[in-house]
Amino acid sequence: MIPKCISRVCIINALDTKNSHLLRSYFTIKFRTEENNLPEKNQSIDETNKGPILGEELLRKISEHPCYDKNAQHKYGRIHLAVAPKCNIQCNFCVREFDCVNESRPGVTSKVLTPEEALEKTKQILAEYPFIKVVAIAGPGDPLANDETFETFDLIRKEFPEITLCMSTNGLMLPEKLQDMLRVGVSTLTVTVNAIDPEIQAKIVNHIVYHGKVYRGVEAAEILIKNQLQGIKAAVDAGIVVKVNTVLTPTINDKHVVEIAKKLNELGVYIMNVMPLINQGAFADLEPPTAEERKDVQAACEPYVMQMRHCRQCRADAYGLLAQDMSQMSEERRNIIKIQTKEEMEKAREILTENDKEEKA
Ligand code: CLF
Ligand code: SF4
């Protein structure tokens, strides 16, 4: 019997054979109401996407993740803990006094926290803003180049076992650090892949530091790409839901991005975020893409992997809803949002309780 809360769209999505992992999940998930929003399906129309099988727990996490499900962005928030200052590569568009621009927008560098300070901040913020469902580490450097990342996640998971742990990385250390990520419970992961062709990647990354040695040019690019792709595959196989960020850089990788999307399809990546270049550092003279150019690239990639179009290029210490970074707000404004959102949460809870009663009746 089909539960009464299922909409026609849900059924069509589940019966869409390109999303067989969702079809399988259809029979295992405890269906929720539309108010609670199931995650949007992966809309890629290529049939070969080998994404992970999404069980009930992962579907819940996606449906409450503001970056992975566009319907969640206005209801649920994330907190970024700036515990990872070091980076192991040098991107040509990065100025190291700023947050990692593979995930963030530049600003004054986020104040680096110790793992203990990060836990305290999380406790305080989650108590005040219960709509925050994701705790993430996204810089200001590369999370996998900093042991504090794992120490922090360990502390957070012990205190908040239900919370989604998210991370963003350049992927250089992904194959080696995946076991640590699984141990601490990371379930959503972003890897920045700006090229899968070493000649193109060599124009984007100045150098990498790998196992204590500095590599440059195509040699550096080959190591980086190999580790990114191997790491993504292993993460997907391990059940992590992977998002890929690609910085759209005119004259460098703009004609190449669709090739990346095809590869992501093969690897089972859940969603791709084509971000506009922020022109600084060695790329200060490059023109960022226009909104139209970015839209065209996203449309060309869409057949292969679902596209994220609501990214806010957050700071490495952002928290709140994506559209309302409370780390940048006055106390007064934060209080207004707190009250408004709590009311909304209460309303949502009432509706869910009513629905539960109806289902049981
Ligand atoms: Fe943070 Fe990134 Fe996790 Fe989201 S942000 S680590 S996936 S919880 Fe989101 Fe911010 Fe865009 Fe990143 S809007 S910059 S995509
Ligand atoms: Fe900068 Fe991020 Fe690139 Fe590291 S990975 S160099 S922090 S943009």
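First, a word on scope: everything that follows refers to the structure included in this document.

The rules behind each value
- Residues numbered from 1 in each chain as written.
- Chains lettered and ligands numbered in written order.
- Predicted model: local features only at pLDDT ≥ 70, side-chain atom pairs only at ≥ 80, totals over all residues.
- Near = placed C-beta within 6 Å.
- Nonpolar A, V, L, I, M, F, W, Y, C, P; charged D, E, K, R; others polar.
- Pairing = 2+ DSSP bridges.
- Helix = DSSP H or I, 4+ residues; strand = E, 2+ residues; numbered from the N terminus.
- Axes fitted to C-alpha atoms, helices over the stretch in contact; angles between N-to-C directions.
- Left-handed = near helix turned anticlockwise from the far one by under 90°.
- Contact = placed C-beta atoms within 7 Å.
- Buried ≥ 20, exposed ≤ 12 C-beta atoms within 10 Å, placed from the backbone.
- Arc of directions from axis to C-beta.
- Core = buried A, V, L, I, M, F, W, Y, C linked by C-beta atoms within 7 Å.

1. Description of the site of ligand 2
Around ligand 2 sit Cys87, Ile89, Gln90, Cys91, Cys94, Cys100, Val101, Asn102, Gly141, Asp142 and Asn170, and those are all the residues in its vicinity. When grouped by side-chain class, the residues that make up the shell around ligand 2 number six nonpolar, four polar and one charged.

2. Observations concerning the sheet that holds strand S6 (residues 205-210)
An order of S2-S6-S7 is seen for the three strands of this open sheet, with the pairing classed as antiparallel. The sheet terminates laterally at strand S2 (89-91) and strand S7 (213-216), the two strands that pair on one side only. Direction aside, the axes of adjacent strands within the sheet are offset by 20° on average. Relative to S6, S2 runs antiparallel, the two sharing three bridges.

3. Thoughts on the packing of helix H4 (residues 115-128) against helix H5 (residues 148-159)
It is the contact of H4 with H5, at a shortest axis distance of 9 Å, that shows an interaxial angle of 35°. When the axes of H4 and H5 are compared, the crossing they make is right-handed. For the pair H4 and H5, contact is made by Pro115, Ala118, Leu119, Thr122 and Lys123 and by Glu148, Glu151, Thr152, Leu155, Ile156 and Glu159, respectively.

4. Points about helix H9 (residues 257-267)
Listed in full, the buried residues belonging to H9 are Val257, Ile260, Ala261, Leu264, Asn265 and Leu267. Looking straight down H9, one finds its buried side chains confined to an arc of 165°; they lie on one side. The elements touched by buried residues of H9 are helix H8 (217-237), strand S8 (241-248), strand S9 (271-276) and helix H10 (291-301). Following H9 by one or two positions, Gly268 has its phi on the positive side, about 85°.

5. Here we look at the nonpolar core
One finds Leu224, Val242, Leu264, Val269, Met272 and Val305 to be the most contacted residues of the largest nonpolar core, which totals 93 residues. Among residues more than four places away in sequence, those in contact with Leu224 are Ile89, Leu172, Gln201, Val205 and Ile208.

6. Overview of the site of ligand 1
Taken together, 18 residues lie around ligand 1, and Cys67, Ala136, Cys166, Cys311 and Cys314 are the ones closest in. Here the residues of the shell around ligand 1 sort into eight nonpolar, six polar and four charged.

7. Regarding the pairing of S7
In the sheet, S6 pairs with S7 via four bridges, with the strands oriented antiparallel. Counted as the bridge partner of Ile208 is Tyr215 from S7.

8. Quick look at the environment of Ile89
Structurally, the position occupied by Ile89 is in strand S2. Here Ile89 falls in the buried class, since 24 other C-beta atoms lie within 10 Å of it. On a C-alpha basis, the gap between Ile89 and Ala145 in space is 9.6 Å, while along the polypeptide they are 56 residues apart. Setting aside its immediate chain neighbours within four residues, Ile89 contacts Asn170, Leu172, Val205, Ile208 and Leu224.

Bear in mind that shape data such as this cannot, by itself, settle questions of function.
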